[in-house]
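# Remarks on the overall topology
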Amino acid sequence: MKWFLLSLGLGLAGLLIATTSNCADLKPLPSSPKLIALGKQVYSQQCTACHGVGGRGDGEAAYLLYPKPRDFVAAKYRLVSTWERVPTDQDLFDTISRGMPGSSMPSWGHLPAEQRWGLVHYIKSLAEKPLEIKSQKAPNAEGSGGQGVIQPPPAPPFDSAARTRALEMYKEACASCHGATARGDGAEKQVDEEGYPTRPRDLTAGIFKGNHDPLSLYRHIVAGIPGSPMPMSDWAWGADAWHLVNYVRSLSSDTQRERVEMKKFSLQAMRVKTLPDHPESGIWRSAPPVNLHLMPLWWRSDRPEEVTVRAVHDGKELAILMVWQDDTNDHTALRPQDFRDAAAVQFSLAANPPFFAMGEKAAAVNIWMWKSERQADLEPAYQDLEKTYPNLGIDSYPNISRSAVEQPFRNALTLQSDPTFVTGWGAGNIVSDPQRKSPAEDLAARGFGTLQARPRIDQRVDARGVYGHGSYEVMFRRPLTPNGQGSVALQPGTTVPVAFAVWNGSAGDRDGKKSVTIWQELKIGK
Amino acid sequence: MRRIIIGGSAITVLLFGFYLHYRGNLTATALAASPGGTISGRVVLVGDAPAAKKIKVTKDNEKCGAEITAEDLVVGSDKGIQYAVVSVAGLKGAPPKPANPPAIDQKGCVFRPHVLIAPVGVGVDILNSDGILHNFHTGSAKNSPMNRAQPGFRKKMTETFTQPEIIKVNCDAHSWMSAWLVVTDHPYIDATDGSGAFKINDVPPGNHTVEVWHETLGKVTKTVAVKAGEEAKITIELSKK
């Protein structure tokens with residue numbers, strides 16, 4: 001009976017592997033000038049911001065990113081399945097499709113397969129040295145002399161003897177860097193081949209750069225990760241690498257492994273009779289929650305992993321609720337070294353969205369941003385400098401709208417000053433206005449460094465955020481009909497591309513240092 | 001009939017090939033047999049020798065000890081520089097066939113030797129006397145870069161390099177470990193010993209340029225006249241920039 005169950009289990013596992021790899025393959029498309037041209041077109045829209053126009057990994061956003069975007073000219077790829085440590089077309093396709101968790105490379109699995117194959121062949125064409133894979137040759141028993149794609153022997157069962165062997169091998173060959181407890185806490189400081197600091201992966205966190213199905217993981221263990229300190233473990237070829245695959249996979253769960261993939265999800269904004277007027281309103285319960293995956297642009301292990309989003313509308317207004325975890329309520333930004341928590345929703349004005357980060361020159365995005373210190377300014381009062389520095393002497397300017405006897409002397413706080421001398425406020429910038437009544441800003445952007453507030457009279461986004469129990473709940477509301485240029489139209493029955501961002505002030509997040517999702521789709525119900 | 005002609009020409013080509021091969025061998029033998037000269041001497045440091053850098057060991061202390069002395073600049077007696085690579089530029093010749101395969105050991109968490117000269121196409125034995133995990137990570141450009149794990153139970157790995165190149169070797173498990181693999185396609189090369197001395201035998205007579213490379217002091221060249229059967233003695237000075 002036991003045998004029967006075991007073989008049934010193995011059979012099922014085999015079936016599972018077969019199904020996953022079938023889904024992933026979708027028949028490779030061979031290179032052709034037409035496909036390369038398509039790849040180039042997609043590349044220029046989706047990839048240049050990070051990887052650069054020439055593919056040198058030096059795009060506009062590259063300085064904000066860690067790990068760094070790949071240089072396609074040097075073509076030193078990390079995820080390879082061959083003995084010569086060169087990626088196959090399938091390796092590149094898989095990386096594009098799944099992205100690279102643990103970096104800011106998101107999944108592009110939502111692009112049609114043809115476009116992804118186009119990208120594969122286009123980026124290959126950028127390499128200064130062609131990527132060559134030798135003809136297939138099996139290695140000897142010690143794992144030496146193999147050529148071509150690593151083809152492991154059939155997987156042995158992961159029974160208790162195999163587990164013991166895996167633990168032994170882990171201790172001998174992996175613990176030195178990944179740590180005895182597999183938390184990536186080996187004692188050595190490491191750098192990659194470009195000289196950037198790097199850390200061995202915390203294997204309990206489930207962040208696998210490449211596919212984590214057993215076969216892919218097997219190949220990544222045997223081939224190592226070129227360019228990084230992770231060496232080739234050809235010694236493990238045969239059964240040992242299978243034992244290690246099974247052991248390493250047992251340290252994390254499917255849920256963990258899936259959560260780090262930057263995927264596209266679908267949000268439904270259903271029509272309700274009455275809109276919620278508070279983040280904790282019971283009406284939100286009728287809206288289906290969707291957990292969206294977040295990635296920090298500068299990767300760190302202490303990060304918000306998910307933001308849970310709900311949306312509803314009443315035919316007149318749309319309401320969106322964002323919920324995410326944050327251990328600290330950072331709601332002042334008075335000292336230069338202090339940063340606030342914040343959240344933002346980004347909408348594409350076009351149905352075919354531009355690059356997911358801040359739009360493009362030719363395609364603007366509309367952004368609603370909520371700031372925790374703005375919320376605190378309203379509840380109960382504007383947080384002026386005295387909140388952090390009581391009795392601080394502050395130089396002041398005469399307020400010409402007041403009489404001579406009413407002039408402020410020292411200790412004139414912002415609100416008592418003449419706006420003319422508080423330049424942003426004086427110039428009418430809503431972001432600097434200490435008297436604003438909403439914690440939300442309605443903004444527009446056309447690429448990095450172009451963010452600006454929409455005109456004061458067009459500010460119609462309302463928001464409310466509450467903090468408690470280590471998490472934020474922030475809701476936004478705005479009428480469905482757009483007002484003015486750069487305002488997103490939210491017609492019932494349409495689908496609007498939407499993306500989200502979260503800032504953690506105590507982690508130093510501000511501006512481009514944040515955690516983001518890629519474009520999601522928001523379906524506004526009729 | 002045509003087939004015979006084609007067959008015939010193939011045989012001719014083959015024969016001609018053999019002839020060339022034979023002739024080539026003859027020339028090589030003739031060169032080696034003709035009495036060459038020797039270039040010997042020392043590589044020395046100009047200026048004060050810096051104190052050897054000590055690196056504190058933070059892991060695997062039972063095998064690596066508490067402290068490692070860096071070998072990026074080893075200055076011995078009379079300011080002789082160890083681990084400088086001296087070669088004669090522009091000379092071609094069959095790479096030397098060593099009696100024993102060149103070997104580099106990882107012992108006490110240090111690569112021994114720090115500089116290893118290996119002929120192209122000859123397997124280099126990579127040994128692990130420590131019995132703990134090391135990884136052999138090369139920063140090569142002409143040879144395909146490699147990074148192979150060598151757990152403690154894997155006492156020996158062999159790796160062959162096909163292009164002449166000076167390759168830096170690191171171990172990511174022990175960041176202080178470094179070595180240089182000098183892959184050569186000719187026999188006119190030597191690495192200096194603890195007193196900075198080197199010796200290159202069987203150099204064809206004539207004027208030659210001697211090149212010295214050191215990992216931290218860089219490269220210098222010097223011309224030297226070699227006479228058959230004689231030893232040309234030179235001293236090459238390196239200085240910190």
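All of the points below concern the structure found in this document.

Analysis parameters
- Residues numbered from 1 in each chain as written.
- Chains lettered and ligands numbered in written order.
- Predicted model: local features only at pLDDT ≥ 70, side-chain atom pairs only at ≥ 80, totals over all residues.
- Heavy atoms only, no water.
- Pairing = 2+ DSSP bridges.
- Helix = DSSP H or I, 4+ residues; strand = E, 2+ residues; numbered from the N terminus.
- Axes fitted to C-alpha atoms, helices over the stretch in contact; angles between N-to-C directions.
- Disulfide = S-S within 2.5 Å.
- Buried < 20%, exposed > 50% of the residue type's maximum accessible area, 1.4 Å probe, protein only.
- Contact = heavy atoms within 4.5 Å.
- Salt bridge = Lys/Arg side-chain N within 4 Å of Asp/Glu carboxyl O.
- Polar contact = N/O pair within 3.5 Å; in protein donor to acceptor, adjacent residues only side chain to side chain.
- Phe/Tyr/Trp six-rings, centres within 6.5 Å; stacked < 30°, edge-to-face > 60°.
- Lys, Arg positive; Asp, Glu negative; His and termini not counted.
- Core = buried A, V, L, I, M, F, W, Y, C linked by side-chain atoms within 4.5 Å.

### Here's the deal with the sheet that holds strand 1 (residues 37-46) of chain B
Two modes of strand pairing occur in sheets, parallel and antiparallel, and in both the strands are linked by backbone hydrogen bonds. Residue and element names in this part refer to chain B. Pairing in this open sheet of three strands is mixed, and the strands run 17-1-20 from one edge to the other. Of all the strands in the sheet, the pair left with one neighbour each is strand 17 (197-203) and strand 20 (231-239). Within the sheet, the average angular offset between the axes of one strand and its neighbour, ignoring direction, is 25°.

### With respect to the sheet that holds strand 8 (residues 110-112) of chain B
Residues and elements named next belong to chain B. Here we have four strands laid out as an open sheet, ordered 8-7-10-13, and mixed in their pairing. The strands lining the two open edges of the sheet, one partner per strand, are strand 8 and strand 13 (156-160). For this sheet the average axis-to-axis angle between neighbouring strands, irrespective of direction, equals 25°. Direction of pairing for strand 7 (residues 103-107) relative to strand 8: antiparallel, over a ladder of three bridges. Residue pairing for strand 8: Gln-106 is matched across the bridge by Phe-111.

### Let's talk about the state of the cysteines
Scanning the model with the defined rule gives one disulfide over all chains in all. A sulfur-sulfur separation of 1.9 Å characterises the disulfide bridge that pairs B:Cys64 with B:Cys109. Every disulfide takes its handedness from the sign of the S-S torsion; for B:Cys64 and B:Cys109 that torsion is -50°, giving left-handed. Of this pair, B:Cys64 sits in helix 2 (residues 61-64) while B:Cys109 sits in the loop between strand 7 and strand 8, and the two are 45 residues apart along the sequence. Residue B:Cys109 is classed as buried on the basis of its relative accessible area, which comes to 0%. Counting only cysteine sulfurs, A:Cys47 is the nearest neighbor of A:Cys50, a cysteine outside any disulfide, at a range of 8.6 Å. Among the cysteines around B:Cys171, which has no disulfide bond, B:Cys109 carries the closest sulfur, lying 7.7 Å off.

### Some thoughts on the interface of chain B and chain A
Each side of the interface is counted separately: chain B has 21 residues, and chain A has 23 residues. Along the contact surface separating chain B from chain A lie two salt bridges. Across the pair B:Arg148 and A:Asp234 runs a salt bridge whose closest N-O atoms are separated by 2.8 Å. Counting every contact that joins chain B to chain A gives 13 residue pairs in polar contact (both at pLDDT 80 or more).

### Side note on the packing of aromatic side chains
All names here are of chain A. Inspection of every chain in the model, using the stated rule, returns 18 aromatic pairs over all chains. Residues Phe-93 and Trp-117 carry aromatic rings whose centres are separated by 4.1 Å and whose planes lie at 15° to one another, so their mutual orientation is stacked. With a gap of 24 residues between them, Phe-93 in helix 4 (residues 89-98) and Trp-117 in helix 5 (residues 113-125) connect regions that are remote in the sequence. Looking at Phe-93, the relative accessible area reads 1%, which means it is buried. Take Trp-117: its relative accessible area is 1%, and that puts it in the buried class. Between Phe-347 and Trp-368, the ring centres sit 4.5 Å apart and the planes meet at 55°, which makes this aromatic pair tilted. Note that Phe-347 is positioned in strand 8 (residues 342-348) and Trp-368 in strand 9 (residues 365-371), a separation of 21 residues in sequence. The exposure class assigned to Phe-347 is buried, which follows from its relative accessible area of 0%.

### What about helix 8 (residues 214-223) of chain A?
Residues and elements named next belong to chain A. Burial runs high along helix 8: nine of the 10 residues are buried. For helix 8, the complete set of buried residues consists of Pro-214, Ser-216, Leu-217, Tyr-218, Arg-219, His-220, Ile-221, Val-222 and Ala-223. If you follow the buried residues of helix 8, they end up packed against helix 9 (239-250). After helix 8 finishes, the residue Gly-224 shows a positive phi value of roughly 70°.

### Re the pairing of strand 3 (residues 266-271) of chain A
Working note: regular strand, side chains alternate between the two faces of the sheet. Residue and element names in this part refer to chain A. Bridge count between strand 3 and strand 16 (residues 520-524): four bridges; the pairing is parallel. The residue of strand 16 that forms the bridge with Leu-267 is Leu-522. As paired elements, strand 3 and strand 6 (residues 306-313) share three bridges and run parallel to each other. By the bridge assignment for strand 6, Arg-271 is matched with His-313.

### Here's the deal with the side chain of A:Arg303
Structurally, A:Arg303 can be placed in the loop between strand 5 (295-296) and strand 6. It turns out A:Arg303 is buried and unbridged, and the closest side chain with the opposite charge, A:Glu305, is 4.2 Å from it.

### Considerations on the side chain of B:Gln150
Residue and element names in this part refer to chain B. By secondary structure assignment, the location of Gln-150 is in strand 12 (residues 147-150). Among the polar contacts made by the side chain of Gln-150, one reaches the main-chain carbonyl oxygen of Arg-154 at a distance of 3.2 Å. Setting aside chain neighbours within four positions, we find Gln-150 in contact with Gln-106, Ile-126, Leu-127, Asn-128, Ile-132, Leu-133, His-134, Asn-135, Lys-155, Lys-156 and Met-157.

### Description of the environment of A:Gly315
Residues and elements named next belong to chain A. Looking at the secondary structure, you find Gly-315 in the loop between strand 6 and strand 7 (317-325). Along the primary structure Gly-315 and Gln-151 are separated by 164 residues, whereas in three dimensions their C-alpha atoms are 57 Å apart. Those residues within four positions of Gly-315 in sequence are excluded, and the remaining contacts are Arg-271 and Leu-480.

### Topic: the nonpolar core
All names here are of chain A. Core analysis: the biggest nonpolar cluster contains 50 residues, and Tyr-43, Tyr-77, Leu-119, Phe-355, Phe-356 and Ile-367 have the highest contact counts within it. Of all elements in the fold, only helix 2 (33-46), helix 3 (48-51), helix 4, helix 5, strand 8, strand 9, strand 10 (440-445) and strand 14 (495-503) reach the threshold of two or more residues within this core. By residue number, the principal contributor to this core is helix 5, which donates five residues. Not counting residues up to four positions away in its chain, the partners in contact with Tyr-77 are Arg-70, Phe-72, Pro-87, Leu-92, Ile-123, Leu-131 and Pro-226. Judged by nonpolar contacts, the second largest core, of 32 residues, contains Leu-267, Val-290, Val-474 and Leu-490.

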